[in-house]
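# Report on the structure
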Amino acid sequence: MNGIPVLTLLTVLPLIGAAIALWTGKHARNVALVTTFASLAVALYVWMRLPADGGFGLVEQHLWAPTLGIEYHLGVDALGALMLILSAIVTLMSVDAAHRVHHAPGLYFALVLTLEAGLFGSFTALNFFHWFLFWELSLIPAFFLIKLWGGARRGPAATQFFVYTMAGSVALLLSFLAVFLSTGSMDFTHLADLASSGKLEQMVTAHLGPVTLWLAVGVLAGFAVKVPIAPFHTWLPDAYAEAPSPVTMLLTGAMSKMGVYGLLRIALPLFAHQIYLIRTPLLVLAVVTVVMGAWAAAAQKDLKRVFAYSSVNHLGYCLLGIFALAVPIAAGNASGHASQAAALNGVILQMFNHGVTAAALFWFVAMIQARTGGHRGIDQFGGLRKPAPVLAGLMGITLFASLGLPGLNGFVGEFLIFRGVFPLSWVAATVSVLGLLITAVVLLTVIQKVFWGPVPEHCAAFPDLHHGERMAMAPVIGILFLLGLVPQIIVGVVNPTVVNLLAHWKF
Amino acid sequence: MNYADLFRVTLPETALEFAALLVLVVDLAFLRKTALRPRAAVASLLGVVGCLAAAWAIFAAGSVPYAYGNEILLAAGGLVTVAQIGIVVLTAVTLLLLIDSAFTRHVAEFAAVVLMAAAGGLLIASARDLLVTFVGLELLSLGLYILTAFAKTSAKSAESALKYYLFGGMSAAFLLFGFSYLYGIAGSTNFYAIYSALRQTGAGLPPIFFVALVAIAAGLGFKVAAVPFHLWAPDAYEGAPTPSAAFIASVSKVASFALLVGIVSVTLTPAAVTVPRVESGLAEALQSIFLNIFVSSLIFLLALASMLVGNLAALAQHSVRRLLAYSAIAHAGYILLGIAVGTSRGSAAVLYYILTYGLTTIGAFGVVDVVERATGSDNFDAFLGLHKRNPVLAAVLMVLFLSLAGIPPLVGFWAKFNLFAAVLGASNGAIPFALVALAVALSAVSLYYYLQVLKRAWVQPAVHDQPIQAPPVTLAVLVFIAAAVVLLGCFPSLLQNWIASF
Amino acid sequence: MLALTIYLSFAGALVLALLPKDRPALARWLALAVAVAGLAAALAGFLAGIGQGRTVLVDLPWIPSMGIRFLLAADGISRVLVLLTGIASVAGILFSWNIDHRTHHFFAFFLALIGGVYGVFLSFDFFLLFVFYEIAIVPKYFLIAIWGSTRREYAAMKLAIYSFVGSAMVLIGLLSAYATAGSHSTSLIALAHAGLPVSFQMWCFPLVFTGFAILAGMWPFHTWAPTGHVAAPTAASMLLAGVVMKLGAYGCLRVAIGLFPHGLDPWGFAFLGIGSWRDVFAILAVIGIVYGALVALAQSDFKFVIGYSSVSHMGFVLLGLMALNQIGLSGAVLQMFSHGIIAGLLFAIVGRIVYDRTHTRQLAELETMHLSRRLPFAAWAFVIAGMASMGLPGFSGFVAELQVLVGAWAANRWWAIAAGLGLVVGVAYIWRALQKAFFTDLQPTAEDHPKTGWHDLGAIAWPEIAGVSLLLLSTLAVGLWPRILLDSIEPAVQSLLAGGGR
């Protein structure tokens, strides 16, 4: 710690940007761009300043409301820092993509920046209260972004999104209240310590009776909605499809990670044993999420819906990895520990990869839509590689990254997850491979239908990416390659945190 | 019999009577040809001077009672002085209202009758003898009948005066009837002697005593307008000219309650037990307990009925005068609670209450008078938009009515609080508590009807927009009364310390 | 310093009442200046009082004969609520900037009400407290009856009668306590130490508690609240919900619980699991929470939604009081502050910003008005205020309601669970109102939106922006940094629980 509250600054920065953007009208996008660039720089700085032992760095801790166990407690480990970078990148992409906001641009970008602040806050919080504040803070701008700038059916979609997430939040809040009432603490690190020494369950049982498992279920439900896990996913396709594409980028690229992050930061540290107890049903749900997501994607005719369901599928791998590793491993079992570590590394990598890739995919959808006056049906295009070779090429790369082609980023994460899951639960892994295959088919179908074949009349004058767009896409594609070729730049930093986390989870 | 002594003690009454004669003489001798207004001004100012002289005399009389033989005829000092000063002050205020009124050409006669009736009031307040009491009461009552009928051209005035007179005559008969029985039982007309005798009557009081009590209760109940002897009040309040009504509502009430306070004080005086005891202590104690319980139950009953009937009937009124009449009945109910507990603290609270109530109610009638003269009616709707037509009058009305409703920091609240605290402090039985609880609850109800008037004055728009002109003297008196109500409410100790200083 | 708030407000009210009626701008600025000065005094007093216990501000003999003193003092609870009153008064005046009808009267009543509220929060003598309590009630009647909207006279009268019935109950209880204690002092501290018999406390507690709780909107005595809120002009609903309901809750805490702590003891038998007054009132509070929220969910009038939400949120205050532990009581006090600010804000948006422009509060009509585009300021202010009302973290309501829930949990789990249910419904009704009033019926894109037929709703004036900002900043400041208030509240609650402050 160097005395400068970097994490607080990081969280406040977008809020200041939002306040400025609100009053700048047409120039709001520039304000947002500057703000998000600055945020990205700070996030990268945070990444550089991580402690080597995988623990929390840049910790800030102050009393807040002591009677309620509320402290202002911030800190990041590699997991948190990686999520900060991802949030910053995705927000930057989203702002970049949103150059067609005509209605109330000031408000739009203020909401986007507020959402970013919510992301930053929840990825740095180490106290439930603080975390929950930002968890909710991100929800509300997201709702209005869908509600006010979305497509034709945005009203119901936004409401559905809000109601689902709110219901999940209530479950979370109630569970945490119970935990607080039993332990008098809301601090993640303190509660994690209690849990790893087994005291948490004792205290809960002493105070409330044998309900720890139900508390775990409540917490899981909250995250399940956000990720989402089947069968809580039904809000997602509508919301993703109706939201304007830049907002969808945020939803899928960053907000869905809040759920996975919550599982890793909150659910597993506190309720590792309970999750182990219900591991089998959870694994079933994860596998269903994987396979169903892929299968549903195959049935879609709308590009956005295709990618929405494929997002469900990709996040399903994260869930698969997380639930698969929730199993006690004997102290001497080195290969078991290695599997767990591999799965967790894979999960974290997959979170990042999916964030960037999915955001990029929706960005491409936005470009296509802008060029064809709103068309995004999978059958409405054809042969785009002819009029727009660059777009076709770059989007193709992104699609291949998404389906996990070796050499691109998607492969590494999914490989690590399967590498870890097979030894831990070969059944789940095997069934999930099915999802992998279907996804490949779906995405290849997209490539085939959109980029190949005869060019329909309305696509004849389809303009290619102009210079600015190429400049904007280049770094994104660069990241896809970089992480595919040198995943070590992330895994090397994340691994100590992974080891540290796994050491604390007592299944 | 010492006439010098008698003169000294009755100097206040004498001053009032002298003032009454002076008013008549001056008017007859010098002002025959003068316009009405100056005549009214002279008459009322002379009356006020008379009142001031009487007040001075009351102070000067000190606290030495006048005794005939060894029996006290006229008490002095203490609460008697307070009540008497209250009577003359309220009389003076009433007379000031006369200056601007125009219901009669015979202003001098009016002022004279007011002064004589006030002299009767002074007499009752100090009387400790059945006969003196009765004389005082009749002096007061006859004056009131005349005052009620004073608007000769108004049929209402005549009607209400007749009703008042008939009821009053009947009640006087009852009272005299009761007094005669009491004399028969006790063998004396002196209060102290009667009280001692009653306590001494060993084998039990004759049933005739209770007849006497009920008859006296009827007579006095009529004076304070307690239910079920209240029927005259709404008509009298409605029909009488405003200064008369104000006088009935204030001075006459003060005098009547002063009499009750005097009776209570007799039971509290140690000197009462001067006659040698013949019975054993226990029997005497039982006897006195029985007596006390009977008397206080009787008063509690009257109080209960008055509070209920007064408040509930007031809810249904549409005339402000009748409203004031029923609310007066309700207030009499509250005050009777203070009488019923029979303590000196209760008596002080009663006097405090009735004096401040008297002042407030004079003011209320003053406002009604002004409005009535401008609109020709005392209906609620005559007050519509008063805040616009005369903001000062509206403000005065608000202060006075809220005080009557018992809203702090106005004096009405403090009077109620003081009274109820005295009642609860005197006895912790269930019945007084229940009655106080009821009284407080009914005060909340009373707010409803007071607000009905205030609503029209302050909330609803006016039907006619032209301003209401209040005569300057009346307005000044009203503002003075309102200021006093606020001031005494904010600093209750002023009046209370003053009362306690006698 | 804090005592200044009272004097300033009353002096301001008096001056405003005397202003000529053709100078509305002067009246506005004067009122604003007085309120800002009051807020400054409240803030200065609050800041100076941090870390101090109870400090006596003024202690003068008032009515020595009854041991009544003009005793103003402040502990942490008082200071917080005085601060709330200061904020609410300034905001109220800002949101009344467009009052043109009898402007000076409006602000005179307004400041009189504020002065009474300040007085209640600072009085440590029950007589004085009661005086201020009643002073606060009367102006409410006129504010609603004169400047209100839907069925204003009915609502005003209902509110006044409910309030006075409540205060009558309080008065009866206090009178009995005074009489029973016999300590010859009306100081709350002295009475708390008078050692009132447990059996007395047992019946006096529910009486006084209910009396105060009527004004706090306790179910089933809450019915005045929604009608009153709806009929009242914006500033008055803000004050009603913002501070007047707090008077009731404060009285419950300071007087009922402070003087009669044993009234909460178990009866010694249980009926249907209810074994003490504490259970009774806690259950009523919980019913209020859930009932208020459910009814709010079904309203078609925008203001009724907020009106019933007040009933629900005040239930949390009462529940926190009945938790009778440190965290529950702190939560209750914090919730008083929080709800005061948030309800004020919601009423301001609904009443001033929306209703004064659209002249309808029917959600069905508002639905067709595209308000999110025509009044984006109102829409977004309501979004944030709604978030605060839902109890989202980061706003004052979250900490307060959480504390109450935690306290209730420690007392009886079922209370907390049922109240939590109310919280969930709370999200739903705000959500529904928000959707219907501001965000329905939007066209697919902004460009082809039919703007024809939109009459001009008028620009948002600076007082509205200032008022919204003031309230929003307050709730955010407390939400993000609850210790600024909790540091004051907790020691006071602690000493109250320990008996030191009783």
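The shown structure was predicted, so the numbers you read here are calculated from the model rather than taken from an experiment.

## Topic: the overall build of chain B
- When helices and strands are counted, chain B shows 20 helices and two strands.
- Against the compact-globule benchmark of 23 Å for 502 residues, chain B has a radius of gyration of 22 Å, which places it among compact chains.
- Seen through its principal axes, chain B has C-alpha atoms that stretch 75 × 55 × 40 Å.
- For chain B, with 502 residues in total, the buried portion stands at 60%.
- Long-range pairs, those at least 24 residues apart, make up 80% of the contacts in chain B between residues at least 6 apart in sequence.

## Overview of the overall build of chain A
- Helix and strand content of chain A: 19 helices and two strands.
- For chain A, the C-alpha radius of gyration of 22 Å lies close to 23 Å, the compact-globule estimate for 507 residues.
- Dimensions of chain A, computed from C-alpha atoms along their principal axes, come out at roughly 70 × 55 × 40 Å.
- The 507 residues of chain A split such that 62% are buried.

## Description of unusual backbone geometry
- In this model, A:Val227 is joined to A:Pro228 through a cis peptide bond whose omega is 5°.
- Among the secondary structure elements, A:Pro228 is positioned in the loop between helix H9 (212–226) and helix H10 (235–242).
- B:Pro228 follows B:Val227 through a cis peptide bond whose omega is 10°.
- When you line up the elements, B:Pro228 lands in the loop between helix H9 (207–224) and helix H10 (232–239).

## Thoughts on the confidence of the model for chain A
- Chain-level statistics for chain A give a pLDDT mean of 86 and a share of 99% at 70 or above.
- Per-element confidence in chain A is highest for helix H3 (residues 78–97) of chain A, whose mean pLDDT is 91, and lowest for strand E1 (residues 57–65) of chain A, whose mean pLDDT is 80.

## So, the interface of chain C and chain A
- Each partner contributes residues to the interface: chain C has 23 residues there, and chain A has 19 residues.
- Mapped onto the side of chain C that touches chain A, the elements with two or more residues apiece are helix H13 (326–358), helix H17 (396–411), helix H18 (413–438) and helix H20 (483–498) of chain C.
- It is H17(C) that provides the largest number of residues to the side of chain C that touches chain A, a total of six residues.
- Within the side of chain C that touches chain A, the residues separate by chemical class into 16 nonpolar, four polar and three charged.

## Looking at the arrangement of the chains
- Inter-chain contacts occur across two pairs of chains; the most extensive set of contacts lies between chains B and C.
- For the non-touching pair chain A and chain B, the nearest C-alpha separation works out to 41 Å.

## Structural notes on the interface of chain B and chain C
- Across the contact, 26 residues belong to chain B and 27 residues belong to chain C.
- Elements represented by at least two residues in the side of chain B that touches chain C include exactly helix H17 (411–426), helix H18 (430–459) and helix H20 (493–500) of chain B.
- If you tally residues by element for the side of chain B that touches chain C, the top one is H18(B), at 13 residues.
- For the side of chain B that touches chain C, the class distribution of residues is 20 nonpolar, five polar and one charged.

## Structural notes on the confidence of the model for chain B
All names here are of chain B.
- Confidence along chain B averages 85 in pLDDT terms, with 94% of residues attaining 70 or more.
- Confidence over residues 271–280 falls short of pLDDT 50; this stretch has 15 contacts with residues more than four positions distant or in other chains.
- At the level of chain-chain contacts, confidence expressed as ipTM amounts to 0.85, with global pTM at 0.84.

## A look at the pairing of strand E3 (residues 266–271) of chain C
All names here are of chain C.
- Burial analysis of E3 places just zero of its six residues in the buried class, which makes it a mostly uncovered element.
- Note: E3 against strand E4 (residues 274–276), two bridges, orientation antiparallel. Among the inter-strand pairings, proline 266 is bridged to a residue of E4, identified as serine 276.

## Side note on the nonpolar core
- C:Val208, C:Leu318 and C:Leu319 are the most contacted members of the largest nonpolar core, which totals 644 residues.
- Here this core gets 20 residues from one element, more than from any other, and that element is helix H14 (residues 334–372) of chain A.
- In contact with C:Leu319, other than residues within four places in its own chain, are C:Ala282, C:Ala285, C:Val286, C:Ile289, C:Val404, C:Ala408, C:Trp415 and C:Ala419.

## Describing H13(C)
Residue and element names in this part refer to chain C.
- Over its 33 residues, H13 runs 46 Å from end to end, which matches the ideal 48 Å to within 8%, given 1.5 Å per residue.
- The largest bend along H13 measures about 30° and falls at alanine 348.
- The buried fraction of H13 is high, at 29 of 33 residues.
- Looking one or two residues past H13, histidine 359 carries a phi angle of roughly 60°, positive in sign.

## A closer look at the packing of helix H14 (residues 344–375) of chain B against helix H16 (residues 391–405) of chain B
Residues and elements named next belong to chain B.
- Relative orientation of the contacting elements H14 and H16 amounts to 145°, with a least axis distance of 9 Å. Like other packed secondary-structure pairs, H14 and H16 cross with a definite hand, here left-handed. Across the interface between the two elements, Thr360, Gly363, Ala364, Val367 and Val370 of H14 pack against Leu393, Val396, Leu397, Leu400, Phe401, Ser403 and Leu404 of H16.

## Notes on the pairing of strand E2 (residues 68–74) of chain C
Residue and element names in this part refer to chain C.
- Counted residue by residue, E2 has six buried out of seven residues, so it is predominantly covered.
- Bridging between strand E1 (residues 55–63) and E2 involves seven bridges; their strand directions are antiparallel. Counted as the bridge partner of valine 56 is alanine 73 from E2.
- Taking the residues between adjacent antiparallel strands as the criterion, E1 and E2 are bridged by four residues, where glycine 67 takes a positive phi near 70°.

## A look at the environment of C:Val493
- Residue position: C:Val493 is located in helix H20.
- Here the alpha-carbon distance between C:Val493 and C:Ile327, two residues 166 residues apart in the chain, equals 8.8 Å.

## Some remarks on helix H19 (residues 472–490) of chain B
All names here are of chain B.
- With 19 residues, H19 extends 27 Å from end C-alpha to end C-alpha; this agrees with the ideal 27 Å at 1.5 Å per step.
- Among all positions of H19, only Thr474, Val477, Leu478, Ile481, Ala482, Val485, Leu488 and Gly489 are buried. Take H19 and look down its axis: the buried residues cluster within an arc of 140°, on one side only. Exposed side of H19, more than 90 degrees from the buried face: Pro472, Ala476 and Ala483 are the residues found there.
- On its buried face, H19 sits against helix H4 (79–98), H14, H16, H17 and H20.

## Considerations on the packing of helix H6 (residues 152–181) of chain C against helix H8 (residues 198–215) of chain C
Residues and elements named next belong to chain C.
- Contact geometry for H6 and H8: axes closest at 7 Å, N-to-C directions at 150°. Compared by their axis directions, H6 and H8 come out roughly antiparallel. Between H6 and H8 the crossing geometry is left-handed.
- In terms of residue class, the contact of H6 with H8 is built from 14 nonpolar, eight polar and no charged.

## Let's talk about the environment of C:Gly386
Residues and elements named next belong to chain C.
- Tracing the sequence through the fold places glycine 386 in helix H16 (residues 376–390).
- We classify glycine 386 as buried; it has 24 C-beta atoms within 10 Å.
- On a C-alpha basis, the gap between glycine 386 and leucine 346 in space is 7.5 Å, while along the polypeptide they are 40 residues apart.
- Not counting residues up to four positions away in its chain, the partners in contact with glycine 386 are Ile430 and Leu434.

Definitions and limits used
Residues numbered from 1 in each chain as written. Chains lettered and ligands numbered in written order. Predicted model: local features only at pLDDT ≥ 70, side-chain atom pairs only at ≥ 80, totals over all residues. Helix = DSSP H or I, 4+ residues; strand = E, 2+ residues; numbered from the N terminus. Rg over C-alpha atoms; globule rule 2.2 N^0.38 Å. Buried ≥ 20, exposed ≤ 12 C-beta atoms within 10 Å, placed from the backbone. Contact = placed C-beta atoms within 7 Å. pLDDT = per-residue confidence, 0-100. Nonpolar A, V, L, I, M, F, W, Y, C, P; charged D, E, K, R; others polar. Pairing = 2+ DSSP bridges. Core = buried A, V, L, I, M, F, W, Y, C linked by C-beta atoms within 7 Å. Expected span 1.5 Å × (residues − 1). Bend = angle between axes of the 7 residues up to and from the residue. Axes fitted to C-alpha atoms, helices over the stretch in contact; angles between N-to-C directions. Left-handed = near helix turned anticlockwise from the far one by under 90°. Arc of directions from axis to C-beta. Parallel < 35°, antiparallel > 145°, perpendicular 65-115°, else oblique.

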